[in-house]
Each structure stands twice: as C-alpha cells, then as structure tokens.
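Residues per chain, in single letters:
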Amino acid sequence: AAGVTDALSISGARFFTNDFDTTTQGIDLVATYPAELFGGATEFSFVANWTKTEVDSFNPDIIGPTRVRQLEESLPEKRFSLTADHSQGPVNGMVRVSWYDEYFEAHLDDGTLPIDGDAAFIVDVGLGYDFNENFSVVG
C-alpha cells in the first residue's frame, strides 16, 4: 500500500506522456487599413495563416496512425479572412469572409469514424448599438 491510506481499494491509475516529436512551422500575416467611409470610421483587416505540423517520431506502442494523422491534420493548414469593421456614431457593423482549408478529425479518437472536413467559406455579420459607455447591444 506504500503508506497510502486505503490504497487496497485503488483499482487503476492513469498517466500522460508526450512520447512523440513534432516539427511545426508556419507563417502569420496580418494587414490592416483604416479608412473614413460613409461618414464613419472603417477598418479593413486581412489575416492569413499557414501552419504545417509533421510527426517526426513516435512510439507505435503508445500512439497509433490515427493519432498521428490527428496531430498532423486536425487543424486547417491554410486559413484566410477579410474583415470590414465600420462604426458611425453609436452604430457599428462588421462583415467577415473566412476560408479554411480541409482538416481531419477522428470522432471519439476512433479511426473507424473519420471526419474529413472539406475546405469551406464562412461569412460572419454583426451589428451593434452603443446606448452609452456602459451598455451596448451586439448581434
């Protein structure tokens, strides 16, 4: 029992290990441009990201091919977004168009239930109104 009170009732133990090596490299690019439009202030933003992760070595007794694929492909390798954020008096609005590269996910870490996500565009739109310094509504 190694001096642990009631250790005889312990039926199991878990531990975590990082028994793999990876190399991750990438580039982030952020560009903004302020402009006066329609009697208010507008800021345009462009964001680009490229990230690649490769599993260099791993212990196959601990980490299988599905987990290796998750480590390498669970995040989109490329992402881009273009945003226009405009405010005029108490009113503000935002439009963002984003593109994400394909990705892989193993549902419940089970390689027999793969999720191969396709590349996709996403459009976000938001409107807001500032009633005063302490209260705003955003939707």
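Look up a bit, the structure's there.
We now turn to the structure provided with this report.

Cut-offs applied
Residues numbered from 1 in each chain as written. Predicted model: local features only at pLDDT ≥ 70, side-chain atom pairs only at ≥ 80, totals over all residues. Heavy atoms only, no water. Pairing = 2+ DSSP bridges. Helix = DSSP H or I, 4+ residues; strand = E, 2+ residues; numbered from the N terminus. Salt bridge = Lys/Arg side-chain N within 4 Å of Asp/Glu carboxyl O. Axes fitted to C-alpha atoms, helices over the stretch in contact; angles between N-to-C directions. Contact = heavy atoms within 4.5 Å. Phe/Tyr/Trp six-rings, centres within 6.5 Å; stacked < 30°, edge-to-face > 60°. Buried < 20%, exposed > 50% of the residue type's maximum accessible area, 1.4 Å probe, protein only. Patch = residues over 30% accessible without salt bridge, like charges linked within 9 Å, V, L, I, M, F, W, Y side chains within 5 Å. Areas by Shrake-Rupley, 256 points an atom, 1.4 Å probe, with all protein chains shown as cover.

### Details of the pairing of strand 8 (residues 135-138)
Pairing analysis gives four bridges linking strand 7 (residues 120-132) to strand 8, with the strands arranged antiparallel. Bridge pairing links Gly128 to Val138 in strand 8. Between the antiparallel neighbours strand 7 and strand 8 lie two residues.

### Some details on unusual backbone geometry
The backbone of Phe38 shows a phi angle near 55°, a positive value even though the residue is not glycine. Counting through the fold element by element, Phe38 comes out in the loop between strand 1 (20-37) and strand 2 (40-58).

### Details of the pattern of salt bridges
Inspection of the entire model under this criterion finds five salt bridges. With its nearest N and O atoms 3.7 Å apart, the salt bridge here joins Lys52 to Glu77. Here Glu77 lies in the loop between helix 1 (65-73) and strand 3 (78-88) and Lys52 lies in strand 2, a separation of 25 residues in the sequence. Across the salt bridge formed by Arg69 and Glu73, the nearest N and O atoms sit 3.1 Å from each other. Highlighted residues: Arg69 and Glu73, both in helix 1, separated by four residues, approximately one helical turn.

### As for the sheet that holds strand 2
Pairing in this open sheet of six strands is antiparallel, and the strands run 1-2-3-4-7-8 from one edge to the other. Among the strands making up the open sheet, the edge pair consists of strand 1 and strand 8. Adjacent strand axes in the sheet meet at a mean angle of 15°, parallel and antiparallel pairs treated alike. When strand 2 meets strand 3, the two strands line up antiparallel, connected through ten bridges. Residue pairing for strand 3: Ala48 is matched across the bridge by Phe80. Each of strand 1 and strand 2 is contacted by helix 1, which is oriented at about 150° to strand 2, the strand it contacts most.

### Quick notes on the pairing of strand 2
By the bridge criterion, 18 bridges tie strand 1 to strand 2 in an arrangement that is antiparallel. Across the sheet, the residue bridging to Ile27 is Trp50, located in strand 2. Between strand 1 and strand 2, which pair antiparallel and follow one another directly, the connecting turn spans two residues, one of which, Phe38, has a positive phi of 55°.

### Some remarks on the packing of aromatic side chains
On inspection of all chains with the given rule, the structure shows four aromatic pairs. Measuring from ring centre to ring centre gives 6.4 Å for Phe46 and Phe80, while their planes differ by 20°; the resulting arrangement is stacked. Taken together, the residues Phe46 in strand 2 and Phe80 in strand 3 connect sequence positions 34 residues apart. For Phe46, a relative accessible area of 32% translates into the label partly exposed.

### Considerations on a nonpolar patch on the surface
Taken together, the side chains of Val91, Tyr129, Phe131, Phe135 and Val137 make up a nonpolar region of the molecular surface, amounting to roughly 460 Å² of accessible area. Looking at the nonpolar patch, the elements that each hand over two or more residues are strand 7 and strand 8. With respect to the helices, strands and loops of the structure, Val137 is situated in strand 8.

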